[in-house]
Amino acid sequence: MIFDKIFRKSAKEKQAQVVPQPTILTLDSPAGWLTGSDESTVGTTAAMKISAVYGAVQYLCDFVASLPVYVYERTTRKHVDAHRLTYLLRIRPNEAQTPSDLKRYLTRCLVLRGNAYSFLLRDMSSGHVVQRIPLHPDQMQVFTYGGELRYLYTDPDSGLQYRLNSTDVTHYKLDSPDGIVGESVLKYAARTIRRAEAADKYESAIYQNNSKPGGVLETDTDLSGPSKVVDPGDETKFLSKKENVRRAWEQAHRGANALRVAVLDNGLKYREIKLDAYDASFVSSKEVSIADIARFFMVPLHALMAGKQSYSSNEQNSLEFVQGRGLAMLKMIEEEDSYKLLLDSELQKGLWIKHNLDGRLRGDTASRANFYRTMRDIGAYSVNDIMQLEDREDVPGGDVRLGSLNYVPLERFEDLSVARNTDKRVEQ
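What counts, and where the lines are drawn
Residues numbered from 1 in each chain as written. Predicted model: local features only at pLDDT ≥ 70, side-chain atom pairs only at ≥ 80, totals over all residues. Heavy atoms only, no water. Phe/Tyr/Trp six-rings, centres within 6.5 Å; stacked < 30°, edge-to-face > 60°. Buried < 20%, exposed > 50% of the residue type's maximum accessible area, 1.4 Å probe, protein only. Lys NZ or Arg CZ within 6 Å of the ring centre and 35° of its normal. Helix = DSSP H or I, 4+ residues; strand = E, 2+ residues; numbered from the N terminus. Expected span 1.5 Å × (residues − 1). Pairing = 2+ DSSP bridges. Axes fitted to C-alpha atoms, helices over the stretch in contact; angles between N-to-C directions. Contact = heavy atoms within 4.5 Å. Polar contact = N/O pair within 3.5 Å; in protein donor to acceptor, adjacent residues only side chain to side chain. Core = buried A, V, L, I, M, F, W, Y, C linked by side-chain atoms within 4.5 Å. Parallel < 35°, antiparallel > 145°, perpendicular 65-115°, else oblique. Left-handed = near helix turned anticlockwise from the far one by under 90°. Nonpolar A, V, L, I, M, F, W, Y, C, P; charged D, E, K, R; others polar. Salt bridge = Lys/Arg side-chain N within 4 Å of Asp/Glu carboxyl O. 1 Å grid on protein atoms, 1.4 Å probe; cavity = no way out; pocket = protein on both sides within 12 Å on 5 of 7 lines; lining within 4 Å. Points joined across faces, edges and corners; volume = space filled by probe spheres on them.

Q: Tell me about the packing of aromatic side chains, and please be specific about residues and values.
A: Tallying each qualifying case throughout the model produces 6 aromatic pairs. Here the aromatic rings of Y70 and Y72 are separated by 6.2 Å at their centres, their planes lie at 65 degrees, and the arrangement is edge-to-face. Classification of Y72 as buried rests on a relative accessible area of 14%. Pairing F371 with Y372 gives two aromatic rings, centres 5.9 Å apart and planes at 50 degrees, and the pair type is tilted. Under the relative-accessibility criterion, F371 is labelled partly exposed at 41%. Here Y372 falls in the buried class, since its relative accessible area comes to 10%. In this structure, R74 is placed above the aromatic ring of W352, and the distance from its NZ or CZ to the ring centre is 4.1 Å.

Q: So what's going on with helix α3 (residues 51–65)? Which residues, and what values?
A: Over its 15 residues, α3 extends 21 Å from the first C-alpha to the last, a length consistent with the 21 Å expected when each residue adds 1.5 Å. Judged by how many residues are buried, α3 sits mostly within the fold: 11 of 15 residues are covered. Taken together, the buried positions of α3 are A52, V53, G55, A56, V57, Y59, L60, C61, F63, V64 and A65.

Q: Requested: an account of the sheet that holds strand β4 (residues 115–122), with residues and values cited.
A: Spatially, β5-β4-β9 is the arrangement adopted by the 3 strands of the open sheet, whose pairing is antiparallel. Only two strands of the sheet have a single neighbouring strand rather than two, namely β5 (129–135) and β9 (169–173). Strand-to-strand twist of the sheet, defined as the mean angle between neighbouring strand axes without regard to direction, takes the value 25 degrees. Where β4 meets β5, 6 bridges bridge the pair, whose relative direction is antiparallel. Within β5, the residue paired with L121 across the bridge is Q131.

Q: Outline the environment of D292, listing residues and values.
A: Assignment of secondary structure puts D292 in helix α10 (residues 282–297). Each C-alpha atom of the pair D292 and A52 lies 9.6 Å from the other, and the pair is 240 residues apart in sequence. Apart from the residues within four sequence positions on either side, D292 is in contact with T192 and R195. Side chain to side chain, D292 and R295 meet in a polar contact 2.4 Å long.

Q: I'd like a description of the sheet that holds strand β2 (residues 69–73), backed by residues and values.
A: To summarise the sheet geometry, strands pair through backbone hydrogen bonds and adopt either a parallel or an antiparallel arrangement. The antiparallel open sheet is built from 3 strands, whose spatial order is β3-β2-β14. Of all strands in the sheet, those bounded by a partner on one side alone are β3 (78–79) and β14 (351–355).

Q: With reference to specific residues and values, describe unusual backbone geometry.
A: If you check the backbone angles, M298 has positive phi at about 60 degrees while not being a glycine. Here M298 shows up in the loop between α10 and α11 (311–341). The phi torsion at M305 lies on the positive side, around 60 degrees, for a residue other than glycine. Looking at where M305 falls in the secondary structure, it is placed in the loop between α10 and α11. Under the relative-accessibility criterion, M305 is labelled exposed at 73%.

Q: Talk me through the nonpolar core; I want residue IDs and the actual numbers.
A: Formed by 40 residues in total, the largest nonpolar core has its most connected members in V53, V57, F63, F297 and V299. If we ignore the near neighbours within four places in the chain, the residues touching V53 are A47, M48, I193, I293 and F297.

Q: Tell me what's going on with the packing of α3 against helix α5 (residues 99–113), and back it up with residues and numbers.
A: Two elements in contact, α3 and α5, have axes whose closest approach is 8 Å; the angle formed by their N-to-C orientations is 140 degrees. Of the possible angle classes, the one that applies to α3 and α5 is oblique. In this structure, the crossing between α3 and α5 has a hand that is right-handed. Between α3 and α5, the residues in contact are V57, Q58, L60, C61, D62, V64 and A65 and S100, K103, R104, T107, R108, V111 and L112, respectively. When grouped by side-chain class, the residues that make up the contact of α3 with α5 number 7 nonpolar, 3 polar and 4 charged.

Q: Provide a residue-level description of the pattern of salt bridges, including the pertinent values.
A: Two side chains that carry opposite charge are able to pair once their charged atoms sit near each other. All chains considered together, the criterion is met by 12 salt bridges. D337 is the salt-bridge partner of R132, the closest N and O atoms lying 3.6 Å from each other. Within this pair, whereas R132 is found in strand β5, its partner D337 is found in helix α11, the two being separated by 205 residues in sequence. Take R132: its relative accessible area is 6%, and that puts it in the buried class.

Q: How would you explain the pairing of β9 if you had to name every residue and give the values?
A: Consecutive residues of a regular strand have side chains that alternate between opposite faces of the sheet. Counting buried residues along β9, 4 of its 5 residues qualify, which places the element largely inside the surrounding structure. Here β4 runs beside β9; their pairing, made up of 5 bridges, is antiparallel. Its bridge partner being in β9, S118 is matched across the sheet by T170.

Q: So what's going on with empty space enclosed by the protein? Which residues, and what values?
A: Under the counting rule described, the total for this entry stands at 1 cavity of 30 Å³ or more. In this structure, the largest cavity occupies an estimated 170 Å³ of space. Along its surface, the largest cavity is lined by 15 residues, and L102, K103, R132, Y172 and D337 are the ones closest to its centre. Per-element accounting of the lining of the largest cavity gives the leading share, 5 residues, to α5. Residues that form the lining of the largest cavity fall into these classes: 10 nonpolar, 2 polar and 3 charged.

Structural data, given as C-alpha cells:
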C-alpha cells in the first residue's frame, strides 16, 4: 500500500509516529474528539443504491473534479504557473491518482461521510509538499494532544496506527457541529433515504408479481390448526393448513408459472386484488423523496433528472448552486489547502490556492458575448483576456485595452462642452 511505502523511512525522517497501542479517546473524554458512526446514519453502500443519492453525489464530485486549480497571487491577481505546487495540483498528486481522481475521491468522502482527509508527504529538508495521499475517513480518529489537534490513522491493511500532526493532514469538513469533526449528510437524510429505499422495494415487489399485488384464496372449509406437511424451516414442526395452501398456490402460480390455468378444488375460490389509485400513487411519492434528497445534498433538482425541465430555469438553478453550496465547498477546500500546502512565507506574500470558476459562471453564449463586450468597452478586459477565459490562443495586439471617448470626467464637462460649441481646442 502507498501509505506503507511512505513510512519505510528512518526514524529521523518520519513525519508520523507509529503508535502500537494508542489510548482511544471518546466523545466524553475532555482530551479530545473521536470520529464515529451514528446508528441512525444510513450505510453509504445502501444509500448509493438509491438513484437520487447516487446522482447527487456524482453531481458534487463532478463539479469539484472538473474545476482547474492553480496558485494565485492575490496582490497582483495573477496565476503563478511556475510555482512548485503546479505539478502537484495539475499533473500528479501521488503515484496512483490524477488530480481529478483525488478530488473526486475526497469529495465523495466529504459528501457521504462528512470528512475527507489526505496526508501531505513533505521534503524534510525544505518542508515542501511532494505528494498527497488520500486517507479513508473511517480509519481516522481526531483528538487533541497537549492542546494541539492531532490525527490517529489506522492502516486498514496492516492494522498499524500512525499519529499525524495537523500540519501534515488536510481535513475537509462538510458540516460540523463542533468545528472539529464533520457530520455526514446521510445522518440527517436517513429517514428520507429509507423511505426512498422502501419505495424502490415496493416497486420491485409489484413487478416481480407481474404488476399485481396478489389475491385472496377463499373457501368455506375450516383451515385452522396444523397440516400434515413438515415445515421446511423447522423439521420438528408442521405447517399450518393456511400456510400450506398459500405455499402450494405460490409454487404453482408464481414466477414462470404465473399465467398457467388454475385448477381449484376443495371449494377454493380465487379473488384478485386490483391495484387501486391509492397504491399507484406511490410513484408520485418517489418524486417527493427525490426533491427531499436534492434539498439535503443542496443540488439542483434538474441534476437528478426530476422536476420541470426548462433550459432557462435549469441554467439559473445551476448558477445559484455554484454561487451557493458550490462556492461554500470550494472556499473551505481553498482555505485548508492554502494553509497546509503553502509555506508561511508564501502566505505572507499573498499566495493562495484557488479554483477557476469562470467556466461554470459563464452562462449561455449570448450572455457571455454581452458580458465580454461590456467588459471590453469599459477597458476592464483586453481581447486576450477574453481569449484566455474561452481557452483560446492569444492574438497579436490583443493585449491592448481600449476605452471609449464618449464619456468624460464631470469636472471637465463644461470646458469640453464650450470647446465643442465654439470650435476651440482645449488642452488635454
